[in-house]
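So you can see what is in the structure, the chains are spelled out below.
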Amino acid sequence: MTHTLAIGHYEPEEIDAFQSQFAALVLPDLAAMAALDPALREGVRIVAYKGHEPFGPLQMDGLPGLGLIANYGVGHDAIDGDAARARGITITITPDVLNEDVADLALCMWIAACRGVMGAAAYLHRGDWVAGQPLALGTKASGRKVGIVGMGRIGRAVADRLAPFGCEIHYTARADKGVAGMRWHATPRAMAQDVDDLIVTIVGGEQTRNLIGHDTLAALGPGYIINVARGSVIDEDALVAALKEGRLAGAALDVFAHEPQANAQLLALPNVLSLPHIGSATVQTRAAMASLQRANIAAFLAGAPLPSPVP
Ligand code: 8YV
């Protein structure tokens, strides 16, 4: 009997592992559950979820025997935690294994934004170099004052990478963590006026929706904003306005509010580097995430302590 559904776009080797380890049924998305036989749905105890579509009461009620949602990813904002708790469903995530990749990408995007890497590549490809056209100078990245929005595990990995660049590092968190060499601010708005750039690493969800809006962007002035967290954290309309009006120098975004749709206005702006949510997208890290997701499922089935439940 099928007790595990693997929902999402998995790699072939991940599908093999789900099938051989748990005899799982693989579905491309949550909507595909509607076509399942009701008797099969009733037998499902575990969902291995990989996706960003909302997984809420409606989907949970369709699986009355569900006990575990093993999420592929550290961010679990797509899964309704209150609805899961009310139904006795446990949620596990894949933290830590992706910290380095996400922080590496944040630094890559920050330097690319400061130095105008995308624009310079386009200049060369257009033939402007050979034609002797002028190319605007970039901004020196080393030594800038950078504010990290959210000093969790990924924020810390970003800070560790910024330090060797001689940056003055600021951060926001609920409370001052007393981190040596870094200055704490209670809000992004307060931090923005003291830094050149912002790097957003904070968790998504209702509590951080539009956390960065007109006020923070106005306080930041002509710097860069980098987002490797969730698109929902930044008010995209406010961001478009600040960029169009030249109040902000540029943005580098790995995440958007309505993925997989990227905001068309942001995509059209020359000073925005847009990526399709690739923070954890390396062979090594995705393998580690998949392995941790399966370790959570195996522990659940064995009645053993779960390696990484939602704290
Ligand atoms: C996604 C992520 O999980 O871990 C997270 O929170 O956003 C990513 O690693 C990945 O894109 C799979 O959906």
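About the criteria used
- Residues numbered from 1 in each chain as written.
- Predicted model: local features only at pLDDT ≥ 70, side-chain atom pairs only at ≥ 80, totals over all residues.
- Heavy atoms only, no water.
- Domains from an automatic or database assignment.
- Contact = heavy atoms within 4.5 Å.
- Buried area = accessible area lost by both parts, 1.4 Å probe.
- Salt bridge = Lys/Arg side-chain N within 4 Å of Asp/Glu carboxyl O.
- Polar contact = N/O pair within 3.5 Å; in protein donor to acceptor, adjacent residues only side chain to side chain.
- Nonpolar A, V, L, I, M, F, W, Y, C, P; charged D, E, K, R; others polar.
- Helix = DSSP H or I, 4+ residues; strand = E, 2+ residues; numbered from the N terminus.
- Buried < 20%, exposed > 50% of the residue type's maximum accessible area, 1.4 Å probe, protein only.
- Core = buried A, V, L, I, M, F, W, Y, C linked by side-chain atoms within 4.5 Å.
- Pairing = 2+ DSSP bridges.
- Axes fitted to C-alpha atoms, helices over the stretch in contact; angles between N-to-C directions.
- Expected span 1.5 Å × (residues − 1).

## What about the domain arrangement of the protein chain?
Here's step 1: Partitioning the protein chain into domains gives domain 1 (4–95 + 283–302) and domain 2 (99–274).
Here's step 2: Put simply, the middle of domain 1 and the middle of domain 2, counted by C-alpha atoms, are 32 Å apart.
Here's step 3: Taken residue by residue, the interface counts 6 residues in domain 1 and 6 residues in domain 2.
Here's step 4: Taken together, both faces of the contact between domain 1 and domain 2 bury some 530 Å²; the carbon and sulfur share is 47%.
Here's step 5: Along the contact surface separating domain 1 from domain 2 lie 1 salt bridge.
Here's step 6: Between Arg 230 and Asp 77 there is a salt bridge, with its nearest N and O atoms 2.9 Å apart.
Here's step 7: Taken together, domain 1 and domain 2 are joined by 2 residue pairs in polar contact (both at pLDDT 80 or more).
Here's step 8: Tallied by class, the residues present in the side of domain 1 that touches domain 2 amount to 2 nonpolar, 3 polar and 1 charged.

## Some thoughts on the environment of Leu 266
Here's step 1: Along the chain, Leu 266 falls in helix H11 (residues 264–267).
Here's step 2: With relative accessibility at 0%, the residue Leu 266 sits in the buried group.
Here's step 3: Residues Leu 266 and Gly 231, 35 residues apart in the sequence, show an inter-C-alpha distance of 12 Å.
Here's step 4: When neighbours within four sequence positions are excluded, Leu 266 is seen to be in contact with Glu 236, Leu 239, Val 240, Leu 243, Leu 253, Phe 256 and Val 272.

## Here's the deal with the nonpolar core
Here's step 1: Counting 47 residues, the largest nonpolar core has Trp 110, Val 158 and Leu 162 as its most contacted members.
Here's step 2: The element contributing the most residues to this core is helix H5 (residues 99–115), with 10 residues.
Here's step 3: Once you skip the residues sitting within four places of it in the chain, Trp 110 turns out to touch Ala 141, Arg 144, Val 146, Leu 162, Phe 165, Cys 167, Asp 197, Ile 199 and Ile 226.
Here's step 4: Formed by 26 residues, the second largest nonpolar core is a distinct cluster that contains Ile 212, Ile 234, Ala 238 and Val 272.

## Examining helix H7 (residues 153–162)
Here's step 1: Those residues of H7 lying buried are Ile 154, Gly 155, Ala 157, Val 158, Ala 159 and Leu 162.
Here's step 2: Residues of H7 that are buried in the fold lie against H5, strand S6 (145–149), strand S7 (168–172), strand S8 (182–185) and strand S9 (197–200).

## Some points on the environment of Arg 294
Here's step 1: Locating Arg 294 in the fold gives a position in helix H12 (residues 283–302).
Here's step 2: Each C-alpha atom of the pair Arg 294 and Leu 25 lies 14 Å from the other, and the pair is 269 residues apart in sequence.

## Details of the sheet that holds S9
Here's step 1: Ordered in space as S8-S7-S6-S9-S10-S11-S12, the 7 strands form an open sheet in which the pairing is parallel. Bordering the open sheet on either side are S8 and strand S12 (272–274), each of which pairs with just one other strand. On average, adjacent strands in this sheet sit at an angle of 15 degrees to one another, irrespective of strand direction.
Here's step 2: Judged from the 3 bridges that link them, S9 and strand S10 (residues 224–227) form a sheet pairing that is parallel. Paired with Leu 198 across the bridge in S10 is Ile 225.

## Observations regarding H5
Here's step 1: If you check H5, its first and last C-alpha atoms are 24 Å apart, about what 17 residues at 1.5 Å a residue would give, namely 24 Å.
Here's step 2: The element H5 is largely enclosed, with a buried count of 12 among its 17 residues.
Here's step 3: Along H5, the positions that sit buried rather than exposed are Asn 99, Asp 101, Val 102, Ala 103, Leu 105, Ala 106, Leu 107, Met 109, Trp 110, Ala 112, Ala 113 and Cys 114.
Here's step 4: Just beyond H5, the residue with positive phi is Gly 116, at close to 65 degrees.

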